[in-house]
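Structure at a glance
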Amino acid sequence: WLLDSASPLRLAQLLGDFEVAELQSDGPLICFLGHLEGERRLTKSIVGPFLLLVKPAVVAQLVREVTAEQHLKVLSKVGPHGVARILENTNVDLIIRMWTGSLESLVVFGAAPLSAIQKDCRAAATIKQVTDSIQNCLSSFPELALCGA
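Conventions adopted
Here the residue index of a chain counts from 1 through its sequence in written order. Side-chain atom pairs in this predicted model are given and counted only at pLDDT of 80 or more, local residue features only at pLDDT of at least 70, and totals for whole chains, interfaces and linings cover all residues. Note: side-chain values were computed over all heavy atoms of the structure, leaving out hydrogens and water. Note on exposure labels: buried denotes an accessible area under 20% of the residue type's maximum, exposed denotes more than 50%, and partly exposed covers the range between, all computed with a 1.4 Å probe on protein chains only. In DSSP terms, a helix is any run of H or I states spanning at least four residues, a strand is any run of E spanning at least two, and both are numbered starting from the N terminus. Whenever two N or O atoms come within 3.5 Å, that pair is a polar contact, provided that in protein one can donate a hydrogen and the other can accept it, and provided that, for residues adjacent in sequence, both atoms are side-chain atoms. In what follows, residue pairs with any heavy atoms lying within 4.5 Å of each other are defined as contacts. To qualify as a nonpolar core, a set must consist of buried Ala, Val, Leu, Ile, Met, Phe, Trp, Tyr and Cys residues joined through side-chain atoms within 4.5 Å. The predictor attaches a confidence to each residue, called pLDDT, with possible values from 0 through 100. Here, a salt bridge means any side-chain nitrogen of Lys or Arg that lies within 4 Å of a carboxyl oxygen of Asp or Glu. An axis is simply a line fitted to the C-alpha atoms; with a helix, the fit covers only the stretch in contact. Between two such axes, the angle follows the N-to-C directions and lies from 0 to 180 degrees. Take the far helix as the reference: if the near one is turned anticlockwise from it by less than a right angle, the crossing is left-handed, and if turned clockwise, right-handed. Under the convention adopted here, Pro, Cys and the residues Ala, Val, Leu, Ile, Met, Phe, Trp and Tyr are nonpolar, Asp, Glu, Lys and Arg are charged, and Gly plus all remaining residues are polar.

**Remarks on helix H8 (residues 92-100)**
When H8 is considered as a whole, its buried residues turn out to be Val92, Leu94, Ile95, Ile96, Arg97 and Trp99. Sitting at the amino-terminal end of H8 is asparagine 91, which places a side-chain oxygen 3.0 Å from the backbone nitrogen of aspartate 93.

**Focus: the environment of leucine 23**
Relative to the helices and strands, leucine 23 resides in the loop between helix H2 (8-16) and helix H3 (28-34). Dropping the residues within four chain positions of it, leucine 23 is found in contact with Leu15, Phe18, Leu29 and Ile30.

**As for the nonpolar core**
Among the nonpolar cores identified, the biggest contains 33 residues, and Val47, Phe50, Leu51, Leu62, Val83 and Leu87 are the most heavily contacted of them. When contributions to this core are tallied by element, the ones reaching two or more residues are H2, H3, helix H4 (40-53), helix H5 (56-65), helix H6 (68-78), helix H7 (80-89) and H8. Discounting chain neighbours no more than four positions away, the residues touching leucine 87 are Phe50, Val54, Val58, Leu62, Val92 and Ile95.

**So, the confidence of the model for the chain**
Taken over all residues, the pLDDT of the chain has a mean of 84, while the share at 70 or more is 87%. Here helix H1 (residues 2-5) is the element of the chain with the lowest mean pLDDT, 69, and H5 is the one with the highest, 94.

**Structural notes on the pattern of salt bridges**
Should their charged atoms come close, side chains of opposite charge can pair. Following the criterion strictly, the structure yields two salt bridges and no others. Among the salt bridges present, the one from glutamate 22 reaches arginine 64, with a minimum N-O distance of 2.6 Å. Taken together, the positions of glutamate 22 in the loop between H2 and H3 and arginine 64 in helix H5 put the pair 42 residues apart, joining distant regions of the chain. Classification of arginine 64 by relative accessible area gives partly exposed; the value is 35%. Between lysine 128 and aspartate 132 there is a salt bridge, and its shortest N-O distance comes to 3.3 Å. Taken as a pair, lysine 128 and aspartate 132 lie in helix H10 (residues 121-140) at a separation of four residues, close to a single helical turn. Overall, lysine 128 belongs to the partly exposed group, its relative accessible area being 28%. Taking the relative accessible area as the measure of exposure, aspartate 132 reaches 25% and is therefore partly exposed.

**A short note on the packing of H4 against H7**
The axes of two packed helices give the description: the angle between them and the distance between them. The interhelical angle for the contact between H4 and H7, taken along N-to-C directions, is 35 degrees, at an axis separation of 8 Å. The element H4 and its partner H7 pack so that their crossing is right-handed. Residues Ser45, Ile46, Pro49, Phe50 and Leu53 of H4 form the contact with H7, whose participating residues are Pro80, His81, Val83, Ala84 and Leu87. Considering only residue class, the contact of H4 with H7 consists of eight nonpolar, two polar and no charged.

Below is the structure:
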């Protein structure tokens, strides 16, 4: 089903962003794909399009650092275009920090409004600038850890 909705070239690019050890049976990509087993609609209408919209390196980073359950929950709630818009217009490291932190359950509820706001180019640019600044601050001062991460 995944091959029906995402091009083989794009899947090959995605595989190229993983280390060999990460492609083992207990690796993050295989774990993520395992959650798609029996989920034809989810795979064809959400995950496949998402893989076409988002840079393979960003998808690989998400698969590595965010649980499959959380990733698929947000994708299902916001849709592939909405999540792609968020990832394009928000600092990816900060998004991952929030998705994996103590506020992860709130991310599902906040992602749809954030995506909607980012349809406006000026709002999206401002959000990107602000989230880059927040992530830079958090990286410079780890003691200010956000969301328990």
